[in-house]
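Reading the structure
Chain by chain, the residues:
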Amino acid sequence: MSTGQDAPSAESTRTDLPEGRYGKTRDARPARWRRLVFGVLALLVSGGIAYVAYLNFGSAPIEGERVAFKEVPGDAMEITINVTRDEVNRPGVCVVRVRDKAGAESGRKEVLIQPGSKNSRVTTTIKSIGRPVTADIFGCSYDVPRYLSRP
């Protein structure tokens, strides 16, 4: 039961809309300046992320590495560390710690690293509140507390 007329096409429907009722039709493509602005913005954001990642994950100016540790009588542990730094004329400090069987920190000590060479080896003893099972380095820094730097 056809009326003899074909169904309207998409183009004829668009032209049949009343003028001014729905506003201007937009171009299907975004404007060229928008693409350019979004591209520059994406480059700036990705560059900022790369810079922050470099600062956070780049090499540290001073870092320590555990060489050896051994238990000593009286709930204590002896630890030997190698410290590598980029500024040999500055003193540094490394925080070393011991852990008990459960993995909880049971003792901590700050060790002064005297200025001198790029690579230093330091051995120290850390007292523990219980029997220690391991020793490690918490971290190293050039921010030496006053009580460590006084003679």
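Values in this document were obtained by computation on a predicted structure and should not be read as measured data.

So, how was this worked out
Residues numbered from 1 in each chain as written. Predicted model: local features only at pLDDT ≥ 70, side-chain atom pairs only at ≥ 80, totals over all residues. Heavy atoms only, no water. Helix = DSSP H or I, 4+ residues; strand = E, 2+ residues; numbered from the N terminus. Buried < 20%, exposed > 50% of the residue type's maximum accessible area, 1.4 Å probe, protein only. Contact = heavy atoms within 4.5 Å. Areas by Shrake-Rupley, 256 points an atom, 1.4 Å probe, with all protein chains shown as cover. UniProt positions renumbered as here; feature names shortened; annotations may be inferred. Core = buried A, V, L, I, M, F, W, Y, C linked by side-chain atoms within 4.5 Å. Pairing = 2+ DSSP bridges. Axes fitted to C-alpha atoms, helices over the stretch in contact; angles between N-to-C directions. Phe/Tyr/Trp six-rings, centres within 6.5 Å; stacked < 30°, edge-to-face > 60°. Lys NZ or Arg CZ within 6 Å of the ring centre and 35° of its normal. Polar contact = N/O pair within 3.5 Å; in protein donor to acceptor, adjacent residues only side chain to side chain. Patch = residues over 30% accessible without salt bridge, like charges linked within 9 Å, V, L, I, M, F, W, Y side chains within 5 Å. Salt bridge = Lys/Arg side-chain N within 4 Å of Asp/Glu carboxyl O. Disulfide = S-S within 2.5 Å.

With respect to the overall build of the chain
Each helix and strand in the chain was counted, giving three helices and six strands. Within the chain, the proportion of its 151 residues that are buried is 21%. A fraction of 63% describes how many contacts in the chain between residues 6 or more apart in sequence connect residues 24 or more apart. As presented, the chain carries roughly 11900 Å² of accessible surface, and 55% of it is formed by carbon and sulfur atoms.

Quick look at the UniProt feature "transmembrane region" (unreviewed entry) in the chain
The sites that UniProt annotates as "transmembrane region" (unreviewed entry) are residues 36-57. Annotation note: span residues 36-57, helix share 100%, strand share 0%, distance between end C-alpha atoms 31 Å.

Observations concerning the nonpolar core
Within the largest apolar cluster, 16 residues are counted, with the highest numbers of intra-cluster contacts made by Ile 79, Ile 81, Val 83, Cys 94, Val 96 and Ile 113. For this core, the leading source of residues is strand S2 (residues 76-85), giving four residues. Ignoring any residue separated from it by four or fewer positions in sequence, one finds Ile 79 in contact with Arg 66, Ala 68, Phe 69, Val 96, Val 122, Thr 123, Thr 124, Ile 126, Ala 135 and Asp 136.

Quick notes on the sheet that holds strand S3 (residues 92-99)
If you walk across this open sheet you meet the three strands as S4-S3-S6, and the pairing is antiparallel. A single partner strand is all that each edge strand has here, and the edge strands are strand S4 (105-113) and strand S6 (134-141). Between one strand and the next, the sheet's axes are offset by a mean angle of 20°, whatever the strand orientation. By the bridge criterion, seven bridges tie S3 to S6 in an arrangement that is antiparallel. Residue pairing across strands places Val 96 opposite Ile 137, the latter belonging to S6.

Some thoughts on the sheet that holds S2
Strand order in this open sheet of three strands is S1-S2-S5, and the pairing throughout is antiparallel. Edge strands, defined here as strands with exactly one partner in the open sheet, are strand S1 (62-72) and strand S5 (119-127). Strand-to-strand, the axes of this sheet are offset by a mean angle of 20°, without reference to chain direction. Summarising the sheet, S2 and S5 pair through nine bridges and their orientation is antiparallel. By the bridge assignment, Glu 78 is partnered in S5 with Thr 125.

Some details on the packing of aromatic side chains
Applying the stated criterion across every chain, the model contains zero aromatic pairs. Geometry around Tyr 142 places Arg 90 over its ring, the cationic atom sitting 4.3 Å from the centre. The ring of Phe 138 carries the charged tip of Arg 108 above its face, separated from the ring centre by 4.5 Å.

Observations regarding the environment of Arg 108
Here Arg 108 is to be found in strand S4. At a separation of 3.0 Å, a polar atom in the side chain of Arg 108 contacts the side chain of Glu 105.

Structural notes on a nonpolar patch on the surface
There is a patch of nonpolar side chains on the surface, built from Phe 38, Leu 41, Val 45 and Ile 49 and spanning about 420 Å² of accessible area. Position of Leu 41 relative to the elements: it lies in helix H2 (residues 32-57). Under the relative-accessibility criterion, Leu 41 is labelled partly exposed at 47%.

Section: the state of the cysteines
According to the stated counting rule, one finds one disulfide in the structure shown. In this model, Cys 94 is linked to Cys 140 through a disulfide, with the two sulfur atoms separated by 2.0 Å. Handedness here is read from the sign of the S-S torsion; for Cys 94 and Cys 140, about 105°, the answer is right-handed. Of the two residues, Cys 94 is situated in strand S3 and Cys 140 in strand S6; the sequence distance between them amounts to 46 residues.

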